[in-house]
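# Coordinates in review
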Amino acid sequence: MSEDSLSRLDLLYFARRVVQQQAERALAEIDRWIAAEERKAAALRRDAERNRQRPDWLVQYGLNRRNIDWLHRGDCWAAVKSGRCRPVTREQALDALRHDVPACTHCQPDTELRFLE
Ligand SMILES: [Zn+2]
């Protein structure tokens, strides 16, 4: 083998290693992008599922579980915190307001229900 053919072969191996390293780096970056997109998609699915299961309106019972203390929107943090809520339909929510059940001051369900008196 001549000196020229050896160095040409060395160059080809070198070029191969460089391209391989670049390809590995590019693949690793694409894998990170894929993982990030998969995390985003999973979070969107979880949010959609949560929204699907969440009722639009909640009544919050008093400590004795008989009186209704408040009417909330389904996404109210105060309702979640109370742990004494039951889902109701829009009609039941309007009925509660008509019967002077107070609207939660945080989520203001009366505004959303356009309940004006
Ligand atoms: Zn509320």
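From a predicted model like this one, the values you see are computed outputs, not experimental measurements.

### A few points about unusual backbone geometry
- Even without being glycine, Asp-100 reaches a positive phi, approximately 65°.
- Within the secondary structure, Asp-100 sits in the loop between helix 3 (90-98) and helix 4 (109-112).
- You will see that Gln-108, though not glycine, has its phi angle at about 45°, which is positive.

### Quick look at the pattern of salt bridges
- Applying the stated criterion to the full structure yields seven salt bridges.
- Among the ionic pairs, Arg-98 bridges to Asp-95, the shortest N-O distance being 3.6 Å. Of this pair, Arg-98 and Asp-95 both sit in helix 3, three residues apart, which is roughly one turn of that helix.
- Taken together, the salt bridges that share partners define one network made up of Arg-73, Asp-75 and Glu-112.

### Considerations on the coordination of the zinc ion
- The protein atoms donating to the zinc ion are His-72 (ND1), Cys-76 (SG), Cys-104 (SG) and Cys-107 (SG), with metal-donor distances spanning 2.1 to 2.3 Å.
- Geometry at the zinc ion is tetrahedral, judged from its four donor atoms and the angles of 98 to 121° they form at the metal.
- All donor residues of the zinc ion come from one chain, and their arrangement in sequence is H-x3-C-x27-C-x2-C. Of the two residues, Cys-76 sits in the loop between strand 2 (68-73) and helix 2 (77-82) while Cys-107 sits in the loop between helix 3 and helix 4, which places them 31 residues apart along the sequence. Neither Cys-76 nor Cys-107 differs from the other in exposure class; each is buried.

### Some points on helix 3
- Among all positions of helix 3, only Ala-93, Leu-94, Ala-96 and Leu-97 are buried. Projected down its long axis, helix 3 shows its buried positions confined to an angular sector of 155°, all on one face.
- Elements in contact with the buried residues of helix 3: strand 1 (57-61), strand 2, strand 3 (85-88) and helix 4.
- A positive backbone phi angle near 65° is found at Asp-100, which sits one or two residues after helix 3.

Conventions adopted
- Residues numbered from 1 in each chain as written.
- Predicted model: local features only at pLDDT ≥ 70, side-chain atom pairs only at ≥ 80, totals over all residues.
- Heavy atoms only, no water.
- Helix = DSSP H or I, 4+ residues; strand = E, 2+ residues; numbered from the N terminus.
- Salt bridge = Lys/Arg side-chain N within 4 Å of Asp/Glu carboxyl O.
- Donors = N, O, S within 2.8 Å, 3.2 Å for Na, K, Ca; no water.
- Tetrahedral: all angles 85-135°; square planar, octahedral: opposite > 155°, others 65-115°.
- Buried < 20%, exposed > 50% of the residue type's maximum accessible area, 1.4 Å probe, protein only.
- Arc of directions from axis to C-beta.
- Contact = heavy atoms within 4.5 Å.

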